[in-house]
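# Remarks on the overall topology
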Amino acid sequence: MRYPFPVGKSDFIQGDEAIARAAILAGCRFYAGYPITPASEIFEAMALYMPLVDGVSIQMEDEIASIAAIIGASWAGAKAMTATSGPGFSLMQENLGYAVMTETPIVVVNMMRGGPSTGQPTFPAQGDIMQAIWGTHGDHMLIVLSPSTVQEAFDFTIRAFNLAEKYRTPVVILGDAELAHMRERVYIPEPEEIEVVERKLPASEEEAKLPFGDPHGDGVPPMPIFGKGYRTYVTGLTHDEYGHPRTVEPEVHERLIRRIYRKILDHKDEIISREEFMLEDAEVAIVTTGIVSRSAIRAVKILREKGVEAGLLKLNTVWPFDFDYIEELAERVDKIYVPEMNLGQLYHLVREGANGKAEVELIAKIGGEVHTPMEIAERVVG
Amino acid sequence: MYLKSAYEIRDKYLRKDMLPTIFCPGCGIGSVLQFTLRAIDDLKLNQDEIVWVSGIGCSSRVPGFVNFDGLHTTHGRALAFATGIKLANPNLKIIAFMGDGDAAAIGGNHLIHAIRRNLDVTVILINNFTYGMTGGQVAPTALKGLRGTTAPYGQFENPFDIAQLAVSAGANYVARWTVFNYLQGINSIKKALQKEGFTLVEFLSPCPISFGRRNRMKTAPELIRWYQKITVPLAKAKKMKPEELEGKIVIGEFVDRDRPGLVREYQEYIKRAKKMMGWEQ
Ligand SMILES: Cc1ncc(C[n+]2csc(CCOP(=O)(O)OP(=O)(O)O)c2C)c(N)n1
Ligand code: SF4
């Protein structure tokens, strides 16, 4: 297989570009999108590369159509992705729910910009954390990853595809305008160096008859893709294990939705990824996700120099959220600070996790600039 | 054409475990479903290579009753989903079964863009002038004066002529019939299924329950008689003055052409890309 970009070496590229290259190495062969700042460069890179690897890149009429097209492509057997920013992500919410309900593996990238509405198109923000977790309607469960460097943008994209395929679920990647456009050195591995997960296909006719069952007991049904003679019916209505609509039976709905929760939550130890930095002996913890983590690492160093026993917890997975882990952390430290580029979204989750065991303070910043390390450090010193 | 018994068609193509259907007595959707299955049967198409796609509405429940791969999606978005299925696996033939509200209101933008791209899909469109599933609100196809629960004093907006819209947007094949024109209907579906690119067959279909009741036509026969009254065959319409055609709906075959479909265009695009990058001669 020939790749339209160098592999097995480092390159100096933007976050958007890194996501596109990672997607191709993860096996993505279908991209549908609609231009929006700061995610357009993902689309432009995909447009350049996809035909060369016999994949599809298509500009749809809007974001609703883009996510619809990738769900269709996934049922036709392709690994598929779309990328957007806040306003487009809002438009995708109905079909994101459809992907949850029909257990369709897809990857949706949201390069966050300032909002609400068209807000600040070229400035970074973290205002879509709650939208990513709870934006669609009804009870639902999905996975949200959040990179903070261009290398992570690359690595997390590969992981997003693997998680999507493994758990038959939509995975959202939350980046931001800063990460989208910043250039950094990224190691682009050889394909052999990458672990690529493929979705579970039915092993028998029997399994294929239960596209929404649980034949393996792990909550993840094998996915009978179209055109294989299985004659699968897929609907966003509440359906039983066979895929038949059963909208007026409370037990059927409960069984389906609880399994969709369970297949993620039972594997949360594998799905949740976090990094700790000087946290073992910390008296003050800073909890971050995405771009702010970079300033926070520096802030921790500054604080340590000043004699404050600070440490950082960086959440690579925003959802599912490890509430128990935060509670343990809260028991260990005196205070938790949550710097984020919104008026308090991650803060709500951390406070719930802390469960009153430690004081949690929000360090909010909006307007389009990432916190400086000093801003964080000064708030901690008080 | 030799007509097989309806039982034979039913046993061969319907999912027995999903029956009975949700359709009301006198509803035309079942007839159009039968036409479509007869066309598939007559053409001896491979059941495993056809995917049925739909949005939301009574018409959109059809893929659930047929024994094929099927994707019952969100309201109006069927053709956007279909774009992904078709481009990801061009070997699949796609039938989109849609309602008039689904296709032309919430899905209007997807419809015109799927046609513009010449997406390889056959749209079977149920036009009952109303939103059947939600109980009889006016659809964008409703002729002026027709009543719906959201226009209790009679529709005051202009209707969409979906077939004409499809012709103008560039479809390869467009025809419109009433459910009463079953032979023409089956033949049109057969033609549509054999063509590359975007094809659309629209059926004026009785919805006695949500639509007829509110417009003094409580039964399917009354609605069919009304359809006979308001429809004009294309050949005759060509000789009529615009004033005479006011309030009438033209039926017939509107276009039959062979522009390259989206799949073929994309495959050419891949070749062009590789050539431009010097990957291939
Ligand atoms: C986003 C969204 N808006 C509204 C609805 C409610 N809804 C369900 S079916 C329908 C109309 C269906 O009418 P039509 O497409 O003409 O099909 P019919 O039922 O007449 O066959 C509507 C508005 C929905 N399901 N989703
Ligand atoms: S409401 Fe109308 S369109 Fe829907 S099933 Fe009944 S008769 Fe048919």
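Each chain carries its own residue numbering, running from 1 in the direction its sequence is written. Following the order in which they are written, the chains are lettered starting with A and the ligands numbered starting with 1. At least 70 in pLDDT is required for a residue's local features to be given in this predicted model, at least 80 for side-chain atom pairs to be given and counted, and no such filter applies to totals for whole chains, interfaces and linings, which use all residues. By convention in this description, side-chain values take in all heavy atoms of the structure and omit both hydrogens and water.

The name recorded for chain B in an unreviewed UniProt entry is 2-ketoglutarate ferredoxin oxidoreductase, subunit beta (KorB), from Thermococcus gammatolerans.

Chain A is annotated in an unreviewed UniProt entry as 2-oxoglutarate synthase subunit KorA from Thermococcus gammatolerans. UniProt positions are given in the numbering used here, feature names are shortened, and annotations may be inferred rather than shown by experiment. Among the UniProt annotations of chain A, the heading Catalytic activity (unreviewed entry) holds the following wording: "2 oxidized [2Fe-2S]-[ferredoxin] + 2-oxoglutarate + CoA = succinyl-CoA + 2 reduced [2Fe-2S]-[ferredoxin] + CO2 + H(+)". Heading Subunit (unreviewed entry) of the UniProt record for chain A holds this comment: "Heterotetramer of the KorA, KorB, KorC and KorD subunits."

Next up on the list: the nonpolar core. With 174 residues, the main nonpolar core has Phe30(A), Met81(A), Ile336(A) and Phe198(B) as its most contacted residues. If you tally residues by element for this core, the top one is helix α6 (residues 150-167) of chain A, at 10 residues. Domain delimitation in this document rests on an assignment produced automatically or drawn from a domain database. Of the residues that make up this core, three or more belong to each of domain 1 (9-193) and domain 2 (273-381) of chain A. Residue contacts are defined here by distance: any two heavy atoms, one from each residue, within 4.5 Å place the two residues in contact. With residues up to four places along the chain from it excluded, the contact list for Ile336(A) reads Ala285(A), Val287(A), Leu329(A), Ala330(A), Val350(A), Ala354(A), Glu359(A), Val360(A) and Glu361(A). Joining through side-chain atoms within 4.5 Å is the link that ties buried Ala, Val, Leu, Ile, Met, Phe, Trp, Tyr and Cys residues into a set, and such a set is a nonpolar core. Any residue under 20% of the maximum accessible area for its type is buried, any over 50% is exposed, and the rest in between are partly exposed; the area is computed with a 1.4 Å probe on protein chains only. Residues Met18(B), Phe35(B), Leu37(B) and Ala175(B) belong to the second largest nonpolar core, which totals 35 residues. Each helix is a run of H or I in the DSSP string that is no shorter than four residues. Each strand is a run of E no shorter than two, and both are numbered from the N terminus.

Another aspect to go through is the sheet that holds strand β16 (residues 359-364) of chain A. All names here are of chain A. We treat two strands as partners when DSSP finds at least two bridges between them. Spatial strand order, β11-β13-β12-β15-β16: five strands in an open sheet with mixed pairing. With partners counted over all chains shown, the strands left at the sheet margins are β11 (274-277) and β16, one partner each. On average, each strand axis in the sheet is inclined to that of its neighbour by 20°, with strand direction left out of account. Under this scheme, a helix contributes an axis fitted over its contacting stretch, all axes are lines through C-alpha atoms, and angles between N-to-C directions fall in the 0 to 180 degree range.

As a further point, take the pairing of strand β8 (residues 170-176) of chain A. All names here are of chain A. Counting buried positions along β8 gives seven out of seven residues, so the element sits mostly inside the fold. Of the two faces of β8, the one carrying Pro-170, Val-172, Leu-174 and Asp-176 and the one carrying Val-171, Ile-173 and Gly-175 are both buried. Where strand β5 (residues 106-114) lies against β8, seven bridges are found, and the strand directions are parallel. Paired with Val-109 across the strands is Ile-173, a residue of β8. Taken together, strand β7 (residues 143-145), α6 and β8 form a β-α-β motif whose crossover is right-handed. Handedness of a crossover is defined as follows: orient the strands so they point away from the viewer, and if the path from the first strand over the helix to the second runs clockwise, the crossover is right-handed.

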